Amino acid sequence: MLMGASAWAADQPVSAADGMAVARRNACMGCHAVDRKLVGPSFQQVAEKYKGDPKASERLALKVRNGGSGVWGMIPMPSHPAMNNGDIQAVVNWVLAGAPSK
Ligand code: HEC
């Protein structure tokens, strides 16, 4: 399975349940699914793309906060200025771990 994911989990512990709860609370799942493309890429595609990239966590946290487009296509990811850093970090770590359901 995803070996990178366990390294992540060891580095920055975040429970999968937390990441998923944050995603649900912030309506991320309206545009993203775990395993298929909707408006945005699936969270598993995102995990695959950034596997082994030590800067991914920081980059994606900024992307969630500020939004942007051009990585996966022309449709922009909206900004989330009201989310706190802890929530952003939790959801980004969950995505990078392959969006596990438990
Ligand atoms: C209105 C639809 C929409 C919503 C809501 C949304 N996203 Fe996205 N997301 C997108 C699109 C479209 C992209 C692709 C952006 C691009 O190509 O650069 C994306 C990209 C991403 C990426 C990959 C960014 C990259 O640069 O590779 C992550 C991670 C992500 N979204 C997480 C989230 C999270 C977490 C939330 C909830 C807080 C969320 N998204 C809410 C549409 C959405």
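Residues numbered from 1 in each chain as written. Predicted model: local features only at pLDDT ≥ 70, side-chain atom pairs only at ≥ 80, totals over all residues. Heavy atoms only, no water.

Enquirer: Looking at this structure, how should I read the side chain of His32?
Expert: Mapped onto the elements of the fold, His32 is located in the loop between helix H2 (16-25) and helix H3 (43-49). Here Pro41 takes part through its backbone oxygen, which lies 2.8 Å from a polar atom of the side chain of His32. Setting aside residues no more than four positions away along its own chain, His32 makes contact with Leu38, Gly40, Pro41, Phe43 and Met77. (Helix = DSSP H or I, 4+ residues; strand = E, 2+ residues; numbered from the N terminus. Polar contact = N/O pair within 3.5 Å; in protein donor to acceptor, adjacent residues only side chain to side chain. Contact = heavy atoms within 4.5 Å.)

Enquirer: Quick question: what am I supposed to make of the pattern of salt bridges here?
Expert: It is possible for side chains of opposite charge to pair when their charged atoms get near one another. Considering all chains together, one arrives at two salt bridges under this definition. A salt bridge links Lys51 to Glu48; the shortest N-O distance between them is 3.5 Å. (Salt bridge = Lys/Arg side-chain N within 4 Å of Asp/Glu carboxyl O.)

Enquirer: Looking at this structure, how should I read H2?
Expert: Three or four residues apart is the spacing at which side chains of an α-helix point the same way, because the helix has 3.6 residues per turn. Here H2 has its buried residues at Ala16, Gly19, Met20, Val22 and Ala23. When H2 is viewed along its axis, its buried side chains cluster within an angular range of 155° and face the same direction. Structural note: H2 exposes Ala17, Arg24 and Arg25 on the side pointing more than 90 degrees away from its buried face. In this fold, the buried residues of H2 make contact with helix H5 (85-96). (Buried < 20%, exposed > 50% of the residue type's maximum accessible area, 1.4 Å probe, protein only. Arc of directions from axis to C-beta.)

Enquirer: What is the right way to read the site of the ligand from this model?
Expert: Lining the immediate surroundings of the ligand are 27 residues, of which Cys28, Cys31, His32, Tyr50 and Met77 lie closest. Note that an oxygen atom of the ligand is positioned 2.7 Å from one of the side-chain N or O atoms of Lys63. Between the ligand and Gly73 there is a distance of 3.2 Å, counted from an oxygen atom to a backbone nitrogen or oxygen. At the level of elements, H3 and helix H4 (56-66) are the ones that each hand at least two residues to the shell around the ligand. Ranked by residues supplied to the shell around the ligand, first place goes to H4 with three residues. (Near = heavy atom within 4 Å.)

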